[in-house]
Amino acid sequence: MKKLLAPMLMAAVLAVPAFPAFSQGHAPAAAAQKPAKPDLAKGEATYTAVCVACHAADGNSAIAANPKLAQQHPEYLVKQLQEFKSGKRNNPIMKGFASALSDDDMRNIAWWVTSKQAKPGFAKDKELVALGERIYRGGIADRNIAACAGCHSPNGAGIPVQYPRLSGQHADYTAAQLTAFRDGVRSNSLQMTQVAAKLNDREIKAVADYIAGLR
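Keep in mind it's a predicted model, so treat the numbers as computed, not measured.

Let's talk about helix α12 (residues 201-212)
Then, number 1: If you check α12, its first and last C-alpha atoms are 17 Å apart, about what 12 residues at 1.5 Å a residue would give, namely 16 Å.
Then, number 2: Within the sequence span of α12, burial applies to E203, I204, A206, V207, A208, D209, Y210, I211 and A212.
Then, number 3: Where α12 is buried, its residues contact α8 (126-138) and α10 (171-183).
Then, number 4: Its side-chain oxygen at 3.1 Å from the backbone nitrogen of R202, N200 defines the N-terminal cap of α12.

The following block contains the structure:
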């Protein structure tokens, strides 16, 4: 009798359908934590209310001290907003704006402004642009300064998620950020701090001017 019960019990167990370890109507934790798809309409509305005065209606800031945001990688923009909010990237003005934004707001804004076409910029200093091109494309080997193109690509398009787009960015803004990295004022990228630490003012101005004309 025991010999017959064993296979019968096994058959009964195999016949019972398997159910997931969560109740009906509730998604698994991993699915619940997945970010919602960015809402571009909300992104435009929040951008218009919060960002437009400094970065222009289409993300192509006309103010040289404020960066162009159009066509920037959205993951990079979200990271910067989060770090303004947390204080990891120190900027009192941007901290004030970012602190009022939720993570969803940041994602909506970033994906919306990324959808806007970036307007090209222009190099202005003919005497320095050749030096800027040499640094951007080849670095400075005898001082172990890496080429900017290695991370930001030869045309300044950057690499999504990893490295920001630089093409056409205002030279004044780029120079200010490189100087901030060099002087320890901006400290949210160890890699950029290490690169900028080796550049002098003339080299920073040169590479920033070259980047402004990249396309």
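Examining the pattern of salt bridges
Then, number 1: Enumeration according to the criterion identifies eight salt bridges in this entry.
Then, number 2: With a closest N to O distance of 4.0 Å, K205 and D125 form a salt bridge. Here the residue K205 occupies a position in helix α12, and D125 occupies one in the loop between α7 (103-114) and α8, the gap between them amounting to 80 residues.
Then, number 3: Given the relative accessible area of 22%, D125 is considered partly exposed.
Then, number 4: A salt bridge links R182 to D201, with the shortest nitrogen-to-oxygen separation between them at 2.8 Å. With a gap of 19 residues between them, R182 in helix α10 and D201 in helix α12 connect regions that are remote in the sequence.
Then, number 5: Owing to a relative accessible area of 23%, R182 belongs among the partly exposed residues under this scheme.

Some thoughts on the packing of α10 against α12
A pair of packed helices can be characterised by two numbers: the angle between their axes and the separation between those axes.
Then, number 1: Two elements in contact, α10 and α12, have axes separated by 8 Å at closest approach and are oriented at 140 degrees. Accordingly, the angle class assigned to the pair α10 and α12 is oblique. Here α10 runs over α12; the crossing is right-handed. Seen from α10, the contacting residues are A171, T174, A175, L178, T179 and R182; seen from α12, they are D201, I204, V207, A208, D209, I211 and A212.
Then, number 2: Of the residues contributing to the contact of α10 with α12, the split by class is eight nonpolar, two polar and three charged.

Some words on the nonpolar core
Then, number 1: The biggest cluster of nonpolar side chains holds 21 residues, and the ones touching the most others in it are Y136, V207 and I211.
Then, number 2: Mapped onto this core, the elements with two or more residues apiece are α8, α10 and α12.
Then, number 3: Looking at which element gives the most residues to this core, the answer is α12, with six residues.
Then, number 4: For I211, the contacting residues outside a window of four places in its chain are Y136, L166, S167, G168, Q169 and T174.
Then, number 5: The next biggest cluster of nonpolar side chains, apart from the first, holds 16 residues, and it includes Y47, L69, I109 and A110.

A closer look at the environment of Q82
Then, number 1: Tracing the chain through its elements places Q82 in helix α5 (residues 74-86).
Then, number 2: When near neighbours in sequence (up to four residues on either side) are disregarded, Q82 contacts D103 and M106.

Considerations on unusual backbone geometry
Then, number 1: One non-glycine residue with positive phi stands out, namely Q71, at about 70 degrees.
Then, number 2: Here Q71 shows up in the loop between α4 (52-55) and α5.
Then, number 3: On the basis of relative accessible area, Q71 is assigned to the partly exposed category, the value being 24%.

Remarks on the side chain of H170
Then, number 1: Turning to its location among the elements, H170 is positioned in the loop between α9 (149-152) and α10.
Then, number 2: Excluding anything up to four places from it in sequence, H170 contacts S61, A62, I63, A64, N66 and K68.

Let's talk about the packing of aromatic side chains
Then, number 1: A complete count under the given rule lists two aromatic pairs for this structure.
Then, number 2: Measuring from ring centre to ring centre gives 5.0 Å for Y47 and W112, while their planes differ by 45 degrees; the resulting arrangement is tilted. One end of the pair, Y47, is in helix α3 (residues 40-50); the other, W112, is in helix α7, and 65 residues separate them in sequence. Of the two residues, Y47 and W112, both sit in the buried class.
Then, number 3: When the centroid spacing of 5.6 Å and the interplanar angle of 55 degrees are considered together, the rings of Y136 and Y210 count as tilted. With a gap of 74 residues between them, Y136 in helix α8 and Y210 in helix α12 connect regions that are remote in the sequence.
Then, number 4: Judged by its relative accessible area of 0%, Y136 is buried.

Analysis parameters
Residues numbered from 1 in each chain as written. Predicted model: local features only at pLDDT ≥ 70, side-chain atom pairs only at ≥ 80, totals over all residues. Heavy atoms only, no water. Helix = DSSP H or I, 4+ residues; strand = E, 2+ residues; numbered from the N terminus. Expected span 1.5 Å × (residues − 1). Buried < 20%, exposed > 50% of the residue type's maximum accessible area, 1.4 Å probe, protein only. Contact = heavy atoms within 4.5 Å. Polar contact = N/O pair within 3.5 Å; in protein donor to acceptor, adjacent residues only side chain to side chain. Salt bridge = Lys/Arg side-chain N within 4 Å of Asp/Glu carboxyl O. Axes fitted to C-alpha atoms, helices over the stretch in contact; angles between N-to-C directions. Parallel < 35°, antiparallel > 145°, perpendicular 65-115°, else oblique. Left-handed = near helix turned anticlockwise from the far one by under 90°. Nonpolar A, V, L, I, M, F, W, Y, C, P; charged D, E, K, R; others polar. Core = buried A, V, L, I, M, F, W, Y, C linked by side-chain atoms within 4.5 Å. Phe/Tyr/Trp six-rings, centres within 6.5 Å; stacked < 30°, edge-to-face > 60°.

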